[in-house]
Amino acid sequence: MKKKNIYLLLNIVMILLIALLINIVQSKFDPYVIRILNLCGIYVILGVSLNLINGFTGQFSLGHAGFMAIGAYVSALLYMSPELKEMNYFITPLIWPFSVIQIPFFISVIAGGIIAALVGLLVGTPCLRLKGDYLAIVTFGFSEIIRIIFNNLQSITNGPLGLKGLPAFTNLWWSWGGAIFTIFFISNLINSSYGRALKSIREDEVAAEAMGVNLFYHKVLSFVVGAFFAGIGGALLGSLVMTIDPNTFNVSMTFQIIVIVIVGGLGSITGTVIIATIFAILMELLRAVESPMNFFGTKLPAIPGMRMLVFSIILMVVILFFKRGLMGGKEFSWQQFFQIFFRNNKAIEEDS
Amino acid sequence: MSLNVFLQNLINGISLGCLFALIAIGYTMVYGILRLINFAHGDIFMMATFFAYYAIALFSLPWGLAFFAAIILTMLLGITVDRIAYRPLRDAPRISSLCSAIGMSFFLENLAIVVFGGRPKPFFRPEIFNQTFIISDIRIQSVSLITPLASIFFLLILTYIIYRTKTGLAMRAISKDFDTAKLMGINLNRTIAFTFAIGSGLAAVGAILWALRYPQIFPFMGMFPGWRAFTAAIIGGIGSIRGAMLGGFLLGLITIMIVAFFPMYAGYKDAFVFILLIMVLLYKPEGIFGEE
């Protein structure tokens, strides 16, 4: 058997193992753990999709929260039952077509992604002519515009009241299934000729254009794909936390995803996946520092806000001392994995 | 709309615009020199109001002295932020200093929540800022009059420092060409620290005037004025001090006038600001005054 086939087989075995694991965890573990693992999966989707735009294409976007908001709202409007909508929109009633329709969760999530992608196309077409910091500001401005519009369009989004009591469809199959699909899709995109074009744009735009890469087309492509997965991530997040309002999707949300991408390493899917998982778990573990503690006999009172303070200190230390992120653009591959494995074996043999 | 109401709104808009201009200068100076969006600037702004608050509440200083102390402390804070978060990353890729700025912004906000508490606090308003003048039906709060005067005073000092002193010359040289300035014997780190001090000092002035205008302070108060001021800096042309002033004035006037003329769209006023920003960037990507 060729090496390539072995690696493919290993990938399939790995996915089956994960599926088995999901099956066990979903039925045996308590809801708290499942919830955290769900968050991990959603952060993976969001991080990997932002990494496609920021890391692989080198276009610094600050608009991820806007796309997430679109995904979350569009899908919620489609999968909520008409009775639930009536309960939510008690100040300004929902306008007609949305007030009666209800479609299955899967289709509405995909619809959320597609609408987010369309908006991404609409925004990206004019804005991607800008470079660097200007692009960052325009995308930020756009995500703020979405937040403001959602806050004001009461007859569609229920304004700042948000949507409450969303049905909890998101489980591990959805979140981690979505995450694996995102990783699969984006890593294949990266390794295709499109991916090489995207990376060449990141390295040097002029050289890429001279080699015949259509800059505009490829930038918009990566932006739209990123927006699509951001929409899906937002839709799953909405059904996980079961309540959404426009101010959930503010700039801090984008910053969280950007932190995941940069700490994981720009242009490394492996790094993003690892850091996204650590991030979601760490945020929960750090709740311990907020509760009252017994410290060598002295009782420390509970300090609200301590969790985020400790988190930001950890973040600053990581940024200052690991300048290129965890993986620094490298990826996990079976080949390297075996190399490390065999080298260690050899070392052991030599020792004995 | 009657002339009276218009004039009243005009004065309001100008005074809000002055505040945006004061904060925008901090962004534009740092960007001009380091090519770095200082995301922590809005939080430095927030810290300044808390310094002033505690100088009055804890140490019961007279308000003039308290404000002065707050400005000095904020300048020191600006220098510290540069020393801790940006100086170690001078040679690193730009994206890591951007991330470091985001981290610093997180850190300052959460530090404020832990140390000062998340509940909004009332800001002390001295008697002189509390009066209302009535000139033939136009009601003007004294704070709306004092704000432009104070801003113009500090902007004149800034112009003097930048165009008439050696340090100002060094700052302009660094923003033109980082490496050549270094070769000419300019002490980079000291000049950059000085830039942060000036930017933060102006932010502190803006913050105190802001708190006198909207007398309620809380850890996330820096976010809104910070982003608005940054938008102003970009509309005016980031890196240009004149641009930051003009952008600030424009933004303040536009936000007030939209509410005055189209009250039904008041909720969308920030959306209009961002649409204006996108329009400016698409047709004149370097802003009104370009990068200086």
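Residues numbered from 1 in each chain as written. Chains lettered and ligands numbered in written order. Predicted model: local features only at pLDDT ≥ 70, side-chain atom pairs only at ≥ 80, totals over all residues.

*Asks:* Let's hear about the overall build of chain A: which residues, and what values?
*Replies:* Within chain A one finds 16 helices and two strands. By the compact-globule yardstick of 20 Å for 352 residues, chain A fits well, its C-alpha radius of gyration being 22 Å. C-alpha extents for chain A along the principal axes are approximately 75 × 70 × 40 Å. Scored against the burial criterion, the 352 residues of chain A give a buried share of 44%. (Helix = DSSP H or I, 4+ residues; strand = E, 2+ residues; numbered from the N terminus. Rg over C-alpha atoms; globule rule 2.2 N^0.38 Å. Buried ≥ 20, exposed ≤ 12 C-beta atoms within 10 Å, placed from the backbone.)

*Asks:* Tell me about the overall build of chain B, residues and numbers included.
*Replies:* What chain B contains, in helices and strands, is 11 helices and four strands. Relative to the 2.2 N^0.38 estimate, which gives 19 Å for 292 residues, the radius of gyration of chain B is 19 Å and therefore close to what a compact globule would have. If you line up chain B on its principal axes, its C-alpha atoms span 60 × 50 × 35 Å. Counting all 292 residues of chain B, 50% fall into the buried class. Taking all contacts inside chain B whose residues are at least 6 apart in sequence as the whole, residues at least 24 apart take part in 76%. (Contact = placed C-beta atoms within 7 Å.)

*Asks:* Go over the interface of chain B and chain A, please, and point to the residues and values.
*Replies:* Contacts between chain B and chain A engage 31 residues on the former and 31 residues on the latter. Mapped onto the side of chain B that touches chain A, the elements with two or more residues apiece are α4 (94-116) and α11 (269-283) of chain B. At 13 residues, the largest contribution of residues to the side of chain B that touches chain A is made by α4 of chain B. Across the side of chain B that touches chain A, the residue classes break down as 24 nonpolar, six polar and one charged. (Nonpolar A, V, L, I, M, F, W, Y, C, P; charged D, E, K, R; others polar.)

*Asks:* Give me the nonpolar core: which residues, what numbers.
*Replies:* All names here are of chain B. A24, A48, A52 and I208 are the most contacted members of the largest nonpolar core, which has 192 residues in total. A total of 15 residues in this core trace back to one element, the largest contributor, which is helix α1 (residues 3-34). Apart from residues no more than four positions distant in its own chain, A52 is found in contact with A66, F67, A70, I208 and A211. (Core = buried A, V, L, I, M, F, W, Y, C linked by C-beta atoms within 7 Å.)

*Asks:* Outline helix α7 (residues 132-152) of chain A, listing residues and values.
*Replies:* With 21 residues, α7 of chain A should reach 30 Å at 1.5 Å per residue; the first-to-last C-alpha distance of 31 Å fits that figure. Burial analysis of α7 of chain A places 16 of its 21 residues in the buried class, the great majority of the element. (Expected span 1.5 Å × (residues − 1).)

*Asks:* Kindly report on the packing of helix α2 (residues 31-56) of chain A against helix α12 (residues 215-241) of chain A, identifying the contributing residues and their values.
*Replies:* Residue and element names in this part refer to chain A. Packing of α2 against α12 brings their axes to within 9 Å, and their N-to-C directions diverge by 165°. By the angle between their axes, α2 is roughly antiparallel relative to α12. Helix-helix and strand crossings are classified by hand; for α2 and α12 the assignment is left-handed. Residue-level contacts link N38, I42, I45, L46, S49, L50, L52, I53 and F56 of α2 to S222, F223, V225, G226, F229, A230, I232, G233, L236, L237 and L240 of α12. Residues belonging to the contact of α2 with α12 are distributed by class as follows: 15 nonpolar, five polar and no charged. (Axes fitted to C-alpha atoms, helices over the stretch in contact; angles between N-to-C directions. Parallel < 35°, antiparallel > 145°, perpendicular 65-115°, else oblique. Left-handed = near helix turned anticlockwise from the far one by under 90°.)

*Asks:* Provide a residue-level description of the pairing of strand β2 (residues 132-135) of chain B, including the pertinent values.
*Replies:* The side chains of a regular strand alternate, first on one face of the sheet and then on the other. All names here are of chain B. One ladder, built from four bridges, connects β2 with strand β3 (residues 138-141); its direction is antiparallel. Across the sheet, the residue bridging to I135 is I138, located in β3. Between β2 and β3, which pair antiparallel in sequence order, lie two residues; one of them, S136, sits at a positive phi of approximately 40°. (Pairing = 2+ DSSP bridges.)

*Asks:* Run through unusual backbone geometry, naming residues and quoting values.
*Replies:* Positive phi is not limited to glycine here, since N158 of chain A has a value of about 65°. Inspection of the secondary structure assignment puts N158 of chain A in the loop between α8 (154-157) and α9 (172-191). For S60 of chain B, which is not glycine, the phi dihedral falls at a positive 40°. Structurally, the position occupied by S60 of chain B is in the loop between α2 (41-57) and α3 (63-86).

*Asks:* Let's hear about the packing of α2 of chain A against α9 of chain A: which residues, and what values?
*Replies:* The relative placement of two packed helices is expressed as an angle between their axes plus a distance between the axes. Residue and element names in this part refer to chain A. Where α2 contacts α9, the axes come no closer than 8 Å and their chain directions differ by 20°. Put simply, α2 runs roughly parallel to α9. Considering only the axes of α2 and α9, their crossing is left-handed. Touching I34, L37, N38, G41, I42, V44, I45, V48, S49, L52 and F56 of α2 are L172, S175, W176, G178, A179, T182, I183, I186 and I190, all from α9. Along the lines of polarity and charge, the residues of the contact of α2 with α9 split into 14 nonpolar, six polar and no charged.

*Asks:* Break down the environment of A168 of chain A for me, citing the residues and quoting the values.
*Replies:* All names here are of chain A. You can see A168 is positioned in the loop between α8 and α9. Since 13 C-beta atoms lie within 10 Å of it, A168 is described here as partly exposed. Separated by 147 residues in the primary sequence, A168 and L315 place their C-alpha atoms 32 Å from one another. Among all residues touching A168, those that are not within four sequence positions of it are S239 and M242.

*Asks:* Can you explain the confidence of the model for chain B? Please cite residues and give values.
*Replies:* Scored by pLDDT, chain B comes out at a mean of 88, with 99% of its residues at no less than 70. Both scores are given for the predicted complex: the pTM is 0.88, the ipTM 0.84. (pLDDT = per-residue confidence, 0-100.)

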